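Spelled out, the chains give:
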Amino acid sequence: MFYKINQLIMKKLIAILTLSILFYSCSSTKTTTKIEIDIAPGITGNARELVRVTNDPIPEFRPKVSPDGKKILFYTRDDNKAGYEKWSIVYIKIGEPGRIPLVGAYTADPNWLPDSKGILFQYLQPSKPVICKGNIEGSTGISYVSPSGMGDFDGTPQASADGKKILFETKIGTGYQICLMDASGNNFTVLSKGQNPCWHPNGNSFVYQNMVGKNSQLFSYDLKSGQSTQLTSGDQDNYSPSINTRGDKIAFVSTRAKNAHIFISAIGGNEVVQVTQGNTQNAYPVWSSNDLIYFCSNAGGSITGKKKTTTVRNFNSMYLTQLQQFVEKDVSLADYSDIWSVQVK
């Protein structure tokens, strides 16, 4: 009798274990999804001449066109490496094959100096990332702009047109601040909460992004008055602003069309028009001359990950978590990112 009872209990335990395994397997399957992406970004009637600039298996981010219009700086992520070692800066000569590595690992957020030879970038190897400078000609070593970090996470540096001032962001306490310093690293000044500053060509103002409630919005900042003006609003994210060389238009990313797409507006934030469309995610627009915009897109790739993290915000919200988003998460939603260009009408 005792033996039969034990047998019955064992059968029930095995049945329960089997059901549990099946349930877990089903649950795992349901929480994973693969979203196919269009082979190219769609463009609206406000744009023309879409061109694929790069086509590489390693994801590429934040293109920056040199002031002379001949070169593009950007940084890449090598998932065969770990931590911040994944990141490195390269540049290409527009219209020529190949790419040229610069500086080495632990580098990101590059930008040009006015002479189109010098560069500023973020160096990630110190415990607190710092702003450094280098040169595409001759020595490609690392030279600190300041001997230590201004905050906990210095990044996105941009030199003024005369090369005398550097705008950048850094984490201070629990949030990010837009800061200013001399080219020598002196006269550090905190200007405003926010991220991703972009100089106006006149050198008297800049645009940036900051959180308003749950969403990121664009602002302009007047250096003479110290006043900020909000340029965008609504229940969508607007971020990654770039001012054109004439100083009369802003290109930026917005989620107002569900996916992250490139939009442009007048310098005051009005006259908004959509540039890209379709089933792609597009980010980091930057102007070149003649109303040409370079940007990153996941066109031609796919997003694989847990459903709860497969969202527009998680794909393109480096303004919320900076590089840590891609380093610390088990699944990167930016598995594929190439550089494209589009002519704006």
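Above this note sits the structure.
Residues numbered from 1 in each chain as written. Predicted model: local features only at pLDDT ≥ 70, side-chain atom pairs only at ≥ 80, totals over all residues. Heavy atoms only, no water.

A. Broad picture of the overall build of the chain. What the chain contains, in helices and strands, is four helices and 28 strands. When the 345 residues of the chain are sorted by exposure, 48% land in the buried category. Sequence-distant contacts in the chain: of pairs separated by 6 or more residues, those separated by 24 or more amount to 46%. Carbon and sulfur atoms make up 53% of the accessible area of the chain, which totals about 16100 Å². (Helix = DSSP H or I, 4+ residues; strand = E, 2+ residues; numbered from the N terminus. Buried < 20%, exposed > 50% of the residue type's maximum accessible area, 1.4 Å probe, protein only. Contact = heavy atoms within 4.5 Å. Areas by Shrake-Rupley, 256 points an atom, 1.4 Å probe, with all protein chains shown as cover.)

B. Summary view of the pattern of salt bridges. Counting across every chain of the model gives 13 salt bridges. A salt bridge links E49 to R48, with the nearest nitrogen and oxygen atoms 2.4 Å apart. Under the relative-accessibility criterion, E49 is labelled partly exposed at 48%. A salt bridge links D79 to R77, with the nearest nitrogen and oxygen atoms 2.7 Å apart. In this structure R77 comes out as buried when scored by relative accessible area, which is 1%. Among the charged side chains, a network of salt bridges with common partners joins D56, E60 and R99. (Salt bridge = Lys/Arg side-chain N within 4 Å of Asp/Glu carboxyl O.)

C. Looking closely at the sheet that holds strand β25 (residues 282–287). Across the sheet, which stays open at both edges, the four strands sit in the order β3-β28-β26-β25 with antiparallel pairing between neighbours. Edge strands, defined here as strands with exactly one partner in the open sheet, are β3 (47–52) and β25. Going from strand to strand, the sheet's axes swing by 25 degrees on average, the running direction of each strand aside. Where β25 lies against strand β26 (residues 292–297), four bridges are found, and the strand directions are antiparallel. Bridge assignment links V286 to a residue of β26, and that residue is Y294. (Pairing = 2+ DSSP bridges. Axes fitted to C-alpha atoms, helices over the stretch in contact; angles between N-to-C directions.)

D. Representation of the nonpolar core within the structure. Within the largest apolar cluster, 45 residues are counted, with the highest numbers of intra-cluster contacts made by L73, L102, I119, I264, I293 and Y294. Apart from residues no more than four positions distant in its own chain, Y294 is found in contact with V53, P63, V65, I72, I94, Y284, P285, V286, S288, I339, W340 and S341. (Core = buried A, V, L, I, M, F, W, Y, C linked by side-chain atoms within 4.5 Å.)

E. Region of the structure containing the pairing of strand β19 (residues 227–230). Here strand β18 (residues 215–222) runs beside β19; their pairing, made up of four bridges, is antiparallel. Within β19, the position partnered with F219 by the bridge is Q230. Hairpin connection of β18 to β19: four residues between the antiparallel strands, including G226 at a positive phi of 75 degrees.

F. Structural view of the packing of aromatic side chains. Scanning the model with the defined rule gives 12 aromatic pairs in all. Both rings, one in F206 and one in Y208, keep their centres 5.6 Å apart while their planes meet at 50 degrees; by these two values the pair is tilted. Taken individually, F206 and Y208 each receive the classification buried, so the pair is uniform in this respect. Taken together, a centroid distance of 6.2 Å and an interplanar angle of 25 degrees make the contact between F252 and F263 stacked. One end of the pair, F252, is in strand β21 (residues 249–257); the other, F263, is in strand β22 (residues 259–266), with 11 residues separating them in the sequence. In this pair, the class of F252 matches that of F263, namely buried. (Phe/Tyr/Trp six-rings, centres within 6.5 Å; stacked < 30°, edge-to-face > 60°.)

G. Structural view of the side chain of K71. In this fold, K71 is placed in strand β5 (residues 71–77). Within the structure, the side chain of K71 is placed 3.0 Å from the side chain of D68, a separation counted as a polar contact. If sequence neighbours within four positions are ignored, K71 has contacts with K64, V65, S66, Y91, I92, K93, I94, W112, S116 and I136. (Polar contact = N/O pair within 3.5 Å; in protein donor to acceptor, adjacent residues only side chain to side chain.)

H. Local environment of the environment of D115. Looking at where D115 falls in the secondary structure, it is placed in the loop between β8 (107–112) and β9 (118–123). Placed 49 residues apart in sequence, D115 and S66 show a C-alpha to C-alpha distance of 8.5 Å. A polar contact is formed between the side chain of D115 and the backbone nitrogen of K117, at a distance of 2.9 Å.

I. Molecular detail of the environment of G104. Structurally, G104 is set in strand β7 (residues 100–105). Residue classification places G104 among the partly exposed positions, given a relative accessible area of 25%. Placed 16 residues apart in sequence, G104 and S88 show a C-alpha to C-alpha distance of 5.6 Å. Beyond its immediate chain neighbours, meaning those up to four positions away, G104 contacts W87, S88 and I89.

J. Fine view of unusual backbone geometry. A positive phi angle, near 50 degrees, is found at D109, a position not held by glycine. Along the polypeptide, D109 turns up in strand β8. With a phi close to 65 degrees, S116 is a non-glycine residue in the positive phi region.

The values reported here are purely geometric and, on their own, carry no functional implication.
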